[in-house]
Each structure stands twice: as structure tokens, then as C-alpha cells.
Amino acid sequence: MASFDELNKRFAIPGVAQITAGNGGLPRISITTPAATAEIYLHGAQVTSWRPVGNEDVIFLSEYSQFETGKAIRGGIPVCFPWFRNKVDDPKAPSHGVVRTKAWELDSVESHGDTVVVSLSTVSDEGTRAWWPYDFHLVHRATIGAALTQELVTTNTGAAPARFEEALHTYYRVGAAAQVRIGGLDGVAYLDNTDGNREKRQAGDIVFTAQTDRAYLDTTHAVEIADPVLHRRIRLEKQNSRTTVVWNPWSTGAQTLSDLGDEEWRTMACVEASNMRVYPVDLAPGQQHTMKTVITVAAL
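Predicted, not measured: the structure shown is a model, and the values here were computed from it. (Residues numbered from 1 in each chain as written. Predicted model: local features only at pLDDT ≥ 70, side-chain atom pairs only at ≥ 80, totals over all residues. Heavy atoms only, no water.)

1. Focus on the packing of aromatic side chains
Reasoning step 1: This structure, assessed with the given rule, holds ten aromatic pairs.
Reasoning step 2: Through pairs of rings, three or more aromatic residues link up here, namely Phe81, Trp132, Tyr134, Phe136 and Phe164. (Phe/Tyr/Trp six-rings, centres within 6.5 Å; stacked < 30°, edge-to-face > 60°.)

2. Describing the side chain of Ser121
Reasoning step 1: Summarising the element assignment, Ser121 is placed in strand E7 (residues 115-123).
Reasoning step 2: Residue classification places Ser121 among the buried positions, given a relative accessible area of 8%.
Reasoning step 3: A polar atom in the side chain of Ser121 sits 2.8 Å from the side chain of Asp107.
Reasoning step 4: The residues touching Ser121, leaving out its near neighbours within four places in the chain, are Trp104, Glu105, Asp107, His137, Leu138 and Val139. (Helix = DSSP H or I, 4+ residues; strand = E, 2+ residues; numbered from the N terminus. Buried < 20%, exposed > 50% of the residue type's maximum accessible area, 1.4 Å probe, protein only. Polar contact = N/O pair within 3.5 Å; in protein donor to acceptor, adjacent residues only side chain to side chain. Contact = heavy atoms within 4.5 Å.)

3. What about helix H1 (residues 4-11)?
Reasoning step 1: Restricting attention to buried positions, one finds in H1 the residues Leu7, Asn8 and Phe11. Taken around the axis of H1, the buried residues stretch over an arc of 95°, which confines them to a single face. Set apart from the buried face of H1 by more than 90 degrees, the exposed residues are Asp5, Lys9 and Arg10.
Reasoning step 2: Check the buried side of H1 and you find it contacts strand E1 (17-21) and strand E6 (105-112). (Arc of directions from axis to C-beta.)

4. Comments concerning the nonpolar core
Where a protein is soluble and globular, its nonpolar side chains tend to be buried together.
Reasoning step 1: Of all hydrophobic cores here, the largest spans 71 residues; its most connected members are Ile29, Ile40, Leu106, Val118, Leu120 and Ile144.
Reasoning step 2: It is strand E20 (residues 268-275) that provides the largest number of residues to this core, a total of five residues.
Reasoning step 3: The residues contacting Ile29, other than those within four sequence positions of it, are Gln18, Ile19, Ala38, Glu39, Ile40, Leu42, Leu106, Val118 and Leu120.
Reasoning step 4: With six residues, the next largest nonpolar core counts Cys80, Ala167, Ala215 and Val245 among its residues. (Core = buried A, V, L, I, M, F, W, Y, C linked by side-chain atoms within 4.5 Å.)

This is the structure in C-alpha cells:
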């Protein structure tokens, strides 16, 4: 890992982007544009803050998150790859894959008017092959501005075809989880992970009334979170993503997570672009796949 001085010499932009020691001493890119501020950790290539001008932070981050090498950051936007949730054929494998606890390489920081584009990358190594035997190159490209755009670019660098799952596991900060309404998935079939992954069908908006963990199937259109407490509407648009995961642990689930406060479930909601379970991604050797998301905020 390069030193902070070396990273700043290569990538810092005065008044716009700087690499400093974040929580736990982990390298963090702090970004300021005329349209927004943001923070991205090299640990997991994880966005932990995005605050458009005139708004409170859109991203939730737990006060109890463990900023340590080898441990996941609770909150923000974890990059899940090459599986989501538990690995189906190996319950001992790390949850949500092998890259969210890795230190990624910072490749570039570019300023373009009101936006800043940050690119980070990671590759397969002995640590990843211990759990998943395929070779890959991942790029996470985040564009910070009035919108938050993310691209997760996967290249199969091995000699064999590879099948994988992926997600940009976005934790949104909301005023009151029990009062938000999530629209855009009416009539869509979903797998209910709180009920043995039985297939069900959504009727109307999603409203949290208990622990919720659902994978909405074959959905490519936009989803919106209406937040009457913070008086805003968060919109998620996505490309090359065929599943949408909606999660809130509620009080019962929060108590089982050591890095989430017992009451923090009240101010978070996860709605995330993904390709998982019945919609994985298949890549032939040399092929590339890009999943893209665009998050915007408007007054409600």
C-alpha cells in the first residue's frame, strides 16, 4: 500500500480531492465539488458518504462499523462479488464475496466541472482463489456530482468461463424506515429470504413493517424511496442489473449484528442493484460485463 504522501502526490487535486487517514487509519478519498461532497475508502472501494448540495447525507453509515483490515464496513455502498449473501455451496465462505474487505488500488481521480470521477481496481489473487477459483479484474468507477453514478466493470482474465453474482449494496439514510415507501416494483415477483426464499409477488409500494429481505426478479427499471421525514425522494436507476434487493433488518435482525446499533435500523433502508440467485452473470474468457447505477435526490 502506497503512503498517503505518495497517493496525494499522484492523485490529489487541490480543493477537490485529497487522500487522508479515515476511520481506523484506513485511506479515504475526500471529495468536494460545486455539486456535492463524498468519501470513498480504498478498503473495499466503498463509498461511505455522498451529500449533494442542499441535502443531508444520502448514505447511511453505522456508528458501530468496524474499520479494520479484513472486516467489512457496515453501511455505505459495499461491492459484493462474486456472490451475494452466503455462498450457496460453502457456508464457511465470507458473506457477500471476497472483495469488500480487500484494499483496492486507486487508479485515477479526475475533475470534470461539477463532477469528480474516481476509479479503483482489484484483481484475483491467492486470497480470492482460496474461495473462488476464477481469475478476474474488477474496476469500480464512481462519478461524484449532483448524481452519484457507479460502474462495476468485471473482466474474466482466466482461461475458463466464470459465473458470478454481484451487487452495489447501497445503504440509504432515511428519516424513519417505518414511514418510507418504495415504489417501482408493484407486480414484480420476488424471493422472500425471511420465508425460505419462497417466491411471492409485490402488491403496491413496499412498506417496512417487519424484517425485510427480498430479491425482486427480472427487474431493470427505476426504483424510488419516498421519505416523508427528510422530505426527499431518492431515485435509483440501473443498467445490466436484473435483480433488485430490498433489505431492512428491523429490530430483530439488528440485534444479531454486532456492527449495527440496536436502533440504527430505524434510519436505514437498502435498495440495491444486483445480479444474483436466478440471474447470475456468465462471462467467457476475455469477456467484460458492466453494471451501472445512477442515484439522484429530489424534494418530496
